[in-house]
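# Understanding the architecture of this molecule
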Amino acid sequence: MNNTRIAAVDVGNDSIKAIFGEMEYELNIPNIIARDTEDRPVIGIEELDDKDPLDGIHIKVHSPALKDNNAIYRVGNLATKSPNGTELDPGSSKSEEDQTLVLLFTTLALDAVKEGNKNNFRQTKNVIDANYTLGTGLPLREVKEGKDAGYRSKLIGSVHQVEFLVTPKYQGLKVNIKFDEIKVYPEGFAAYINLVMDNNSKIINKDLIDKRILIQDIGGLSTDIAVIKNRNVDDDKAQGFNLGVSESLEAIREEIRTKHGVELDSRRDVVEIITKKNDRNHIMVKGSRTSVHDITDRILLDLAKKQYRLLRNVWSKNSQTEICYFVGGGATVLKDYLKTLNNNLDGFNIDFFEDEKESIWMMANAYYKLIMDYARKAEKQKVEQTQTKKPVTN
């Protein structure tokens, strides 16, 4: 019988962040896919296995959960080079998109084929049977609409197969994915858990647990504002909004193309230009270093004003709030603009995570803490039930 493996997966709009097992393996894959054919052309195919699999993910996905079954995709880095690459659109529901599932299955399959998992999963010829206990999440708006139950039911109880086609090292392998358990958490609640709990479910931030706080999670497609009091998320006051950074990143990408004639592959390229340590807000145009500060400042400041308006409105309805934490990839992009606005306007008590990785990986870390806590409790309960059933001997 297969062992079940812990997986915590944050299907973010920019990228997928995943943590596996005893935190011994992490994956970060750009959330972009492109439809493809079975035999993609490869220059120097005999050297294919010398390349990084993450740069050449080429797969066929079979799952009853997909609207478009048995489709072939380039995924992640490989898809960014395709003219038909697709990213999630603003206004779409993460729980209802095939792209969300394709990335989820791909990420799990990439873990399953790792050499270190040979003792965890059964392999028969070129087919690996992989069982997972999954912790993941959805935007607060979708959870409040009850879409988490439908999302979970699409996944559990079925077999989902990823076949690696022209992929370095894994070509010809198939992974059958089954879920022993799936927990779908609201993203705002997950952010709170990450703030106050360590990987062993111990409280690490005692100053926060009894405070009234807001957590504004700015993602690619949406923004969640969780209202925390009495150590719980106030479901009635927590709000989700269809406002993320994707539309603004797309606007920057389009204006750079129009003004400078430079075609950026994806929104992730725009994020890199905005956040890189050196030559921030600069691109190369015909070999010359060129500032795009005027474009990025105008568009991002406009988005920051909209985000600040959301904060102001929610805070006005929760006047005893003590602090608001901005988290997520969008918060990293907008941090300087939001700080400037706050200093010039209301002067709310707000905070950011100066460690960009911590902010970007916050959801994946939170799902990991939550699913590990669930797994520990389930194991303890199983042991107790086994002991209770032992026959009494005289």
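This one's a predicted model, so the numbers in the text were calculated from it and none came from an experiment.

## What about the overall build of the protein?
The helix and strand inventory of the protein stands at twelve helices and 18 strands. Relative to the compact-globule value of 21 Å for 394 residues, the protein shows a C-alpha radius of gyration of 22 Å, a close match. Residues counted as buried form 54% of the 394 residues belonging to the protein. Considering only residue pairs separated by 6 or more positions, the protein has 68% of its internal contacts joining residues 24 or more positions apart. As displayed, the protein has an accessible area near 18,600 Å², and 46% of this comes from carbon and sulfur atoms. Separation of charge centres in the protein, based on 56 positive and 61 negative side chains, amounts to 3 Å.

## A short note on the side chain of N342
If you trace the backbone, N342 turns up in helix α10 (residues 329-344). At 2.7 Å, the side chain of N342 and the side chain of Y308 are in polar contact. Once you skip the residues sitting within four places of it in the chain, N342 turns out to touch Y308, G347, F348 and I350.

## What to know about the pairing of strand β12 (residues 223-229)
Most of β12 sits out of view: six of its seven residues are buried. Inspection of the sheet shows strand β11 (residues 213-218) paired to β12 by six bridges, in the antiparallel sense. Residue pairing across strands places I213 opposite I228, the latter belonging to β12. In textbook terms, the turn of a hairpin is the stretch between consecutive antiparallel strands, and for β11 and β12 this stretch comprises four residues. Pairing of β12 with strand β13 (residues 232-233), which is carried by two bridges, proceeds in the antiparallel orientation. Looking across to β13, one finds that K229 is bridged to N232. Between β12 and β13, which pair antiparallel and follow one another directly, the connecting turn spans two residues, one of which, N230, has a positive phi of 55°.

## What to know about the packing of helix α7 (residues 246-260) against helix α8 (residues 267-275)
Following both chains from N to C, one finds α7 and α8 inclined at 85°, their axes separated by 9 Å at the closest point. In terms of orientation, α7 lies roughly perpendicular with respect to α8. Facing α7, whose interface residues are S246, L249, E250, I252 and R253, α8 presents R267, V270, V271 and I274. A class-by-class count of the residues in the contact of α7 with α8 yields five nonpolar, one polar and three charged.

## Structural notes on the pattern of salt bridges
Considering all chains together, one arrives at 26 salt bridges under this definition. For D111, the salt bridge identified is with R5, shortest N-O distance 2.8 Å. One end of the pair, D111, is in helix α2 (residues 98-112); the other, R5, is in strand β1 (residues 4-11), and 106 residues separate them in sequence. You can call D111 buried: its relative accessible area is 0%. Through salt bridges with shared partners, a single network forms among E87, E250, R253 and R267.

## Describing the nonpolar core
Counting 46 residues, the largest nonpolar core has Y132 and F164 as the members making the most contacts within it. The element contributing the most residues to this core is α2, with nine residues. Those residues in contact with F164 that sit more than four places away from it in its chain are H58, I59, A109, L110, V113, Y170, Q171, G172, L173 and V175. I252, A304, L311 and V314 belong to the second largest nonpolar core, which has 40 residues in total.

## Quick word on the environment of V184
Mapping V184 onto the fold places it in strand β10 (residues 174-186). Taking the relative accessible area as the measure of exposure, V184 reaches 16% and is therefore buried. Here V184 is in contact with T136, G137, L138, D148, Y151 and R152, once residues within four sequence places are set aside.

## Regarding the pairing of strand β3 (residues 25-30)
Examined bridge by bridge, strand β2 (residues 15-20) and β3 share six bridges and lie antiparallel to one another. The residue bridging F20 from the neighbouring strand is Y25, located in β3. Linking β2 back to β3 in an antiparallel pair, the connection comprises four residues, with G21 at a positive phi of about 60°.

## Section: the packing of α2 against helix α4 (residues 147-155)
Two numbers describe how α2 lies on α4: the axes approach to 13 Å, and their chain directions differ by 50°. One element, α2, and the other, α4, form an angle in the oblique class. Regarding α2 and α4, the two cross each other, and that crossing is right-handed. Together, T100, L101, L104 and F105 of α2 and Y151, K154 and L155 of α4 make up the contact between the two elements. Each residue belonging to the contact of α2 with α4 can be placed in one class, and the counts come to five nonpolar, one polar and one charged.

## What about unusual backbone geometry?
It is generally the case that most residues other than glycine have a negative phi and that most peptide bonds are trans. We note that N70 has phi near 60°; this positive angle belongs to a residue other than glycine. As for its position among the elements, N70 is in the loop between β5 (57-62) and β6 (71-75). Owing to a relative accessible area of 42%, N70 belongs among the partly exposed residues under this scheme. The phi dihedral of K125 falls on the positive side, at around 55°, and the residue is not glycine. Structurally, K125 is set in the loop between β7 (122-124) and β8 (127-138). K125 gets classed as exposed once you look at its relative accessible area, which sits at 78%.

Rules used throughout
Every chain is numbered on its own, with residues counted from 1 as its sequence reads. Only residues with pLDDT of at least 70 get local features here, since the model is predicted, and only at 80 or more are side-chain atom pairs given and counted; chain-wide, interface and lining totals rely on the full set of residues. As a rule here, side-chain values cover all heavy atoms of the structure and leave hydrogens and water aside. Numbering of helices and strands runs from the N terminus, with a helix taken as a DSSP run of H or I at least four residues long and a strand as a DSSP run of E at least two residues long. The quantity called the radius of gyration is restricted to C-alpha atoms. Its globule counterpart is 2.2 Å times the number of residues to the power 0.38. Here's how the labels work: a residue is buried when its accessible area is under 20% of the maximum for its type, exposed when over 50%, partly exposed in between, all with a 1.4 Å probe on protein chains only. We call two residues in contact whenever any of their non-hydrogen atoms come within 4.5 Å of each other. Accessible surface is estimated by sampling points in the Shrake-Rupley manner with a 1.4 Å probe; for residues, cover comes only from the protein chains shown. In this count, Lys and Arg are taken as positive residues and Asp and Glu as negative ones, while His and the chain termini are left out. Lysine's charge is taken at NZ, arginine's at CZ, aspartate's at CG and glutamate's at CD. N or O atoms closer than or at 3.5 Å make up a polar contact, with two conditions inside protein: a donor-capable atom paired with an acceptor-capable one, and, for residues adjacent in sequence, both atoms drawn from side chains. For two strands to count as paired, DSSP must find a minimum of two bridges between them. For helices, the axis comes from a line fit to the C-alpha atoms of the stretch in contact; other axes are also lines fit to C-alpha atoms, and the angle between any two N-to-C directions lies between 0 and 180 degrees. In these notes the angle categories are as follows: under 35 degrees is roughly parallel, over 145 is roughly antiparallel, 65 to 115 is roughly perpendicular, and the rest is oblique. In this classification, the charged set is Asp, Glu, Lys and Arg, the nonpolar set is Ala, Val, Leu, Ile, Met, Phe, Trp, Tyr, Cys and Pro, and all remaining amino acids, among them Gly, are polar. A pairing counts as a salt bridge when a side-chain nitrogen of Lys or Arg comes within 4 Å of a carboxyl oxygen of Asp or Glu. Among the buried residues, those of types Ala, Val, Leu, Ile, Met, Phe, Trp, Tyr and Cys that are joined through side-chain atoms within 4.5 Å form a nonpolar core. In this scheme, a crossing is called left-handed if the near helix is turned counterclockwise away from the far one by less than a right angle; it is called right-handed if the turn is clockwise.

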